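Okay, here's what each chain looks like letter by letter:
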Amino acid sequence: MKKIFIYILILITSCFIIPAIFSKSANKTAETLNTNNVENTIEKEDNTCKEKTEKGEEISIKLLHEKTGETEEVNLEEYLCNVVSAEMPVSFELEALKAQAIVARTYTIFKMENKKHENADICDSSKCCQAWVSKEERFKRWEDGKKEENWIKISKAVDETKGKIITYNNKPINAFFHSNSGGKTELPVNVWGGNNYPYLQVIETSGENEYKQFLSELELSNEELLDKLKVKYGDININFEDDNDIKILEFTESGRVRTIKMGNHNISGVELRNILNLKSNNFEIEKKDGKIKFKVKGYGHGVGMSQTGADSLAKQGKNAEEIIKHFYKNIEIKNVSQIL
Ligand SMILES: [Zn+2]
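Keep in mind it's a predicted model, so treat the numbers as computed, not measured.

(A) Highlighting the overall build of the protein chain. Across its full length, the protein chain carries 11 helices and 14 strands. Burial status across the protein chain gives 35% buried among its 340 residues. When contacts within the protein chain are restricted to residue pairs at least 6 apart in sequence, long-range pairs at least 24 apart make up 68% of them.

Here's what the structure looks like:
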């Protein structure tokens, strides 16, 4: 009887307790592995944005924070993670983000050699140099559960293009970029005057219309339009009854408005864009019932790489270097260490 009791006890032990011990230890192993994975990933992610640019030669830049006026010395590759995450939606294709990283790196090196600020290489304002956002701020704006994954994607875009810049005649190009070209990019002379660059031409890109940045509208009453124009042109006088008193006079090579007649003034499309805060100077006008409607195509000045265009090309299977070569002509992609 006693023996039977002992056998039952052994049976219970072998059926329940031993597997429980093993399974607990197996879970623990899995937990340890997972923890290691997370640690490895975080370690990788942290290192990715801090690695030296080329053969131990670390490039650091002086970054001016526009709001505080403080200047900070930062590693170039680390800085680029903050720039790419500020300049392009993380939801864009990896190859588009990589193209953005190459463009942002080129833009930064160009600015280092052509300084705009007295005590800094570049500032963190998108209106002046290029956008920058701290990792903490960026994380606050990303949805929960996606933050680490997003940062790893950004880091990958910077890391996989490490040191790469766009050159013309062995010098970094002035790598302008913008949000959406509206289908065609613009020549720099039509936006800022001065010279054209052999690498910046009118480039057509398909698929730009798939993005929300492609079309926008602004509707103003005749009085609102006059009020806005009066700030710059005090003597402006428009006869709204006369269809020819508001009229586009000339288009640029890319189809944007070069000059528009506004009553007694001929105004450039770029200037009107600034006055009315239009998304671009690629627009049509519609006059109706005491109102004027601007139907605008594209977003930004239109010069250089279009970001939504880059994403569209990536979706069509183009890689980062192919995207770069689509938007910038006669260029070479080199390592920054070959230039500096
Ligand atoms: Zn600046």
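Anyway, onward from the coordinates.
(B) Fine view of helix α9 (residues 307–315). Within α9, eight of the nine residues are buried, which leaves the element mostly enclosed by the surrounding structure. When we look at burial in α9, the residues that qualify are Gln307, Thr308, Gly309, Ala310, Asp311, Ser312, Leu313 and Ala314. Contacts made by the buried residues of α9 are with α3 (94–113), β6 (177–178), β13 (305–306) and α10 (320–327). Two residues or fewer after α9 comes Gly317, characterised by a positive phi angle close to 100°.

(C) Inspection of the sheet that holds strand β7 (residues 215–221) at higher detail. Taking strand neighbours across the sheet as the criterion, the three strands line up as β7-β12-β11 in an open arrangement whose pairing is antiparallel. Two strands bound the open sheet, and with one partner strand each, they are β7 and β11 (283–288). Pairs of neighbouring strands in the sheet enclose a mean axial angle of 20°, with direction left out of account. Inspection of the sheet shows β7 paired to strand β12 (residues 291–297) by seven bridges, in the antiparallel sense. Paired with Ser216 across the bridge in β12 is Val296.

(D) Representation of the environment of Gln201 in the model. With respect to the helices, strands and loops of the structure, Gln201 is situated in the loop between α6 (189–192) and β7. On the basis of neighbour counts, which here come to 16 C-beta atoms within 10 Å, the residue Gln201 falls in the partly exposed class. Note: C-alpha distance between Gln201 and Pro188 (13 residues apart in sequence) is 8.4 Å.

(E) Focus on the pairing of strand β9 (residues 257–262). Of the strand pairs in this sheet, strand β8 (residues 246–251) and β9 are connected by five bridges, and their pairing is antiparallel. When the sheet's bridge partners are listed, Ile248 is paired in β9 with Ile260. Hairpin connection of β8 to β9: five residues between the antiparallel strands, including Gly255 at a positive phi of 95°. Note that β9 and strand β10 (residues 265–268) share four bridges and pair antiparallel.

(F) Region of the structure containing the sheet that holds strand β2 (residues 71–75). The strand order across the open sheet formed by three strands is β2-β1-β3, and the pairing between neighbours is mixed. Two strands bound the open sheet, and with one partner strand each, they are β2 and β3 (122–123). Two strands pair when backbone bridges link them, and strand β1 (residues 60–64) and β3 are joined in this way by two bridges, in the parallel orientation. If you follow Leu64 over to β3, its bridge partner there is Cys123.

(G) Inspection of the pairing of β11 at higher detail. Sheet topology places β11 next to β12; six bridges connect them, and they run antiparallel. The residue bridging Glu284 from the neighbouring strand is Lys295, located in β12. Once β11 ends, the chain turns through two residues before running back antiparallel as β12, passing Asp289 with a positive phi of about 50°.

(H) Broad picture of the confidence of the model for the protein chain. For the protein chain, the average pLDDT comes to 87, and 83% of its residues sit at 70 or higher. Note that pLDDT drops below 50 for residues 8–47; the model gives that stretch five contacts with residues more than four away or on any other chain.

Rules used throughout
Residues numbered from 1 in each chain as written. Predicted model: local features only at pLDDT ≥ 70, side-chain atom pairs only at ≥ 80, totals over all residues. Helix = DSSP H or I, 4+ residues; strand = E, 2+ residues; numbered from the N terminus. Buried ≥ 20, exposed ≤ 12 C-beta atoms within 10 Å, placed from the backbone. Contact = placed C-beta atoms within 7 Å. Pairing = 2+ DSSP bridges. Axes fitted to C-alpha atoms, helices over the stretch in contact; angles between N-to-C directions. pLDDT = per-residue confidence, 0-100.

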